[in-house]
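Structural overview
Each chain, letter by letter, is given below.
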Amino acid sequence: LSTDNARTGRSGSISSPPVQPDIAQKIDINPPKGTRDFPPEDMRLRNWLFNNFKEVSQLYGFEEVDFPVLESEALFIRKAGEEIREQLYCFEDRGNRRVALRPELTPSLARLVIQKGKSLPLPLKWFAVGQCWRYERMTRGRRREHYQWNMDIIGVPDVTAEAELISSIVTFFKRIGITASDVGFKVSSRKVLQEVLRGYSVPDHLFGRVCVIIDKMEKIPIDDIKKELRSAELSEEVIEELLQVLSVKSLEKLEEKLGTVGEALVDLKQLFSLAEKYGYADWIQFDASVVRGLAYYTGIVFEGFDREGKLRAICGGGRYDHLLSTFGGDDIPACGFGFGDAVIVELLKEKGLLPELSPQVENIVCSLDQDLRGAAAAVARILRQRGQSVDLVLENKPLKWVFKRAARINAQRLILVGSAEWQKGMVGVKILTSGEQYEVKVDELE
Ligand SMILES: CC(=O)Nc1cnc2ccccc2c1
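Below, the structure is looked at part by part. (Residues numbered from 1 in each chain as written. Predicted model: local features only at pLDDT ≥ 70, side-chain atom pairs only at ≥ 80, totals over all residues. Heavy atoms only, no water.)

1. Points about the packing of helix α7 (residues 222-231) against helix α8 (residues 236-246)
We count it as follows: Note on definitions: angles span 0 to 180 degrees between N-to-C directions of axes, and those axes are lines fitted to C-alpha atoms, for helices only across the stretch in contact. Working definition: helices are DSSP H or I runs of at least four residues, strands are E runs of at least two. Numbering for both runs from the N terminus. Note that the term roughly parallel is reserved for angles under 35 degrees, roughly antiparallel for angles over 145, roughly perpendicular for angles of 65 to 115, and oblique for everything else. Helix crossings fall into two classes, left-handed where the near helix is turned counterclockwise from the far one by less than a right angle and right-handed where it is turned clockwise. Contact criterion: two residues are considered in contact whenever any of their non-hydrogen atoms come within 4.5 Å of each other. Three categories are distinguished: nonpolar for Ala, Val, Leu, Ile, Met, Phe, Trp, Tyr, Cys and Pro, charged for Asp, Glu, Lys and Arg, and polar for the others, with Gly belonging to the last.
Direction vectors running N to C along α7 and α8 enclose 135°, while the axes themselves pass 10 Å from each other. On the basis of the axis angle, α7 is oblique to α8. At the point where α7 passes α8, the crossing takes the right-handed sense. Contact residues: I222, K226, L229 and R230 in α7; E236, I239, E240 and L243 in α8. Of the residues that constitute the contact of α7 with α8, the class distribution is 4 nonpolar, no polar and 4 charged.

This is the structure we're talking about:
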């Protein structure tokens, strides 16, 4: 211990604390700021949610993929002023490499598609459920990690892909009891903005940045939006026109504004017509103000929202036709969405739709005296070999304790190994739901 660790006793003399080599420093029992533990009860809810994500993905014929949580920082360096960039959880590793904990999954997916190259027959339909990270000042007390469900269709240029993705989310909502009166999707296309900007010959390289600024509408004062648009070299005239277009309330009005030829109208009309065919027309609405905050979207964008307006966006996505080529890959069209694990749980709480999930075990096995421990283990083995789950009591416990544990772990059946019965190759069985009890030969236990 260096002297500055030494305590100064009352006498003023320096004395070191008694050396206690293996008493660890008291560690912080909480997880790092902004992160969560998942004790059994929370893990049951998480598994319930993720199983619904995965079952819907499989229902739509998507294949599961995953990527490292740690990626090269370069994958996420975009110069469009995105919040996701400002909050990147990045650092230099011991090999002096700039790395980052992924803030989203799409760039990793793009990287893998390029890596696999021609060996992957298009279209690809991939899904992932992965933890994503951000580093923001804890002043805001928000979480620094969450899990995202992503579904992506790579290699399909038509809005039939977006229609399929929205359909999969509607299916997910229906499975967990959410209806079109609880949530909806605001749908628009960034091609609306693109047509306006091109109409005023604003250079294309400003497109992503302008979208990121406009995504902050309703989040920061309109004057700050205008200020940021000016700093992006937009003229007052363009700014006014942009804000005008963003307040358009219907496709018909948009057609009046933009005329019929633009791709934006064609895409949106086709999407709304497909929605009718899919049967989810009452879940979606055109809303020109939806742009989403990621720079790489190029076409249709959408976000799920709660109709009571109490929560942040539930999910969001869109078309990103040039992301792969910005990474040096071919110019393969793609679209996808991200669905976080936080807002949906808040919504389920609001709607009283959180499922009641309790632990499940089919059997609890215990021996009533010391030298029948081996017998109890043998009974557990037999049941487990038959695919039956068993909680084997591992210590000498009174029956009262066993009944209490059986109730807590929601065991369906109690198997008692007692010396008298065991002499006859029998065990005692008590069905804990009905209270029925009987004796049975061990090899007749099913
Ligand atoms: C509501 C919530 O927890 N949002 C959240 C939490 N963690 C994140 C981590 C990375 C990117 C986005 C994130 C978003």
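2. Focus on the site of the ligand
Keep this limit in mind: Being near a molecule or strand, for a residue, means having at least one of its heavy atoms within 4 Å of it. Note that accessible areas follow from Shrake-Rupley with a 1.4 Å probe, and for residues the cover is restricted to the protein chains shown.
P103, C132, W133, R134, R143, R144, E145, H146, R312 and A342 make up every residue found near the ligand. When the free accessible area of the ligand is taken as 350 Å², the share hidden by the protein chains comes to 84%. Residue assignment for the shell around the ligand shows that the elements contributing at least two residues are β7 (124-133) and β8 (145-154). Tallied by class, residues from the shell around the ligand come to 4 nonpolar, 1 polar and 5 charged.

3. A look at the pairing of strand β5 (residues 89-92)
A regular strand places its side chains so that they alternate between the two faces of the sheet. We apply this condition: One bridge is not enough; two strands pair if DSSP finds at least two bridges between them.
Note: β5 against strand β6 (residues 98-101), 4 bridges, orientation antiparallel. Of the residues in β6, the one forming a bridge with C90 is A100. Hairpin connection, β5 to β6: the antiparallel pair is bridged by 5 residues, and N96 has positive phi, about 60°.

4. Description of the pattern of salt bridges
Convention followed: The working definition used for a salt bridge is a side-chain nitrogen of Lys or Arg within 4 Å of a carboxyl oxygen of Asp or Glu. Burial classification: accessible surface area is computed with a 1.4 Å probe over protein chains only, and a residue below 20% of its type maximum counts as buried, one above 50% as exposed, and the rest as partly exposed.
Tallying each qualifying case throughout the model produces 34 salt bridges. Where E64 meets K54, a salt bridge forms, and the shortest distance between an N and an O atom there is 3.8 Å. Of this pair, E64 sits in strand β3 (residues 63-64) while K54 sits in helix α1 (residues 40-59), and the two are 10 residues apart along the sequence. Taking relative accessible area as the criterion, E64 reaches 45% and is therefore assigned partly exposed.

5. Quick notes on the sheet that holds strand β4 (residues 70-72)
Taken in spatial order, the 3 strands line up as β4-β6-β5 in an open sheet, and their pairing is antiparallel. The sheet is open, and its two edges are formed by β4 and β5, each paired on a single side. Here the strands of the sheet are splayed against their neighbours by 35° on average, with no regard to which way each runs.

6. Focus: α7
Defined as follows: Of all possible arcs, the one meant is that of the directions from the helix axis to the C-beta atoms.
Among all positions of α7, only I225, K226 and L229 are buried. Summarising the axial view, the buried residues of α7 lie within an arc of 95°, below the 170-degree limit, and thus occupy one face. Counted as exposed and oriented over 90 degrees from the buried face of α7: D223 and K227. The secondary structure elements touched by the buried residues of α7 are α6 (207-214) and α8. Two residues or fewer past α7, E233 is found with a positive phi of approximately 65°.

7. Digging into the sheet that holds strand β18 (residues 437-441)
Spatially, the 5 strands line up as an open sheet ordered β15-β14-β16-β17-β18, and their pairing is mixed. For this open sheet the edge positions go to β15 (390-392) and β18, each flanked by a neighbour on one side alone. The mean inter-strand angle of the sheet, taken between neighbouring strand axes irrespective of direction, is 25°. Pairing geometry for strand β14 (residues 361-367) and strand β16 (residues 411-417), over 6 bridges, is parallel. When the bridges of β16 are listed, S367 appears paired with V417.

8. Considerations on the side chain of E303
Within the element layout of this structure, E303 appears in strand β11 (residues 300-306). You can call E303 buried: its relative accessible area is 15%. The residues touching E303, leaving out its near neighbours within four places in the chain, are G184, F185, K186, V290, R292, A313, C315 and G316.

9. Some points on the packing of aromatic side chains
Heads up, the condition is: Each Phe, Tyr or Trp ring (for Trp, its six-membered ring) is paired with any other whose centre lies within 6.5 Å, and the angle between the two planes then decides the class: stacked below 30 degrees, edge-to-face above 60, tilted in between.
Within the structure shown, the criterion is met by 19 aromatic pairs. A ring pair is formed by F50 and Y147, whose centres lie 5.4 Å apart and whose planes are at 55°; its orientation type is tilted. In this pair, F50 sits in helix α1 while Y147 sits in strand β8, placing the two residues 97 residues apart along the sequence. Residue F50 shares its accessibility class with Y147, and that shared class is buried. Both rings, one in Y89 and one in W133, keep their centres 6.0 Å apart while their planes meet at 90°; by these two values the pair is edge-to-face.

10. Focus on unusual backbone geometry
Omega for the bond connecting L122 with P123 falls within 30 degrees of zero, at 0°, which places this linkage in the cis form. When you line up the elements, P123 lands in the loop between α3 (106-116) and β7. Even without a glycine there, the phi angle at N96 is positive, about 60°. Within the secondary structure, N96 is located in the loop between β5 and β6. A positive phi angle, near 65°, is found at R292, a position not held by glycine. Tracing the sequence through the fold places R292 in the loop between β10 (284-286) and β11.

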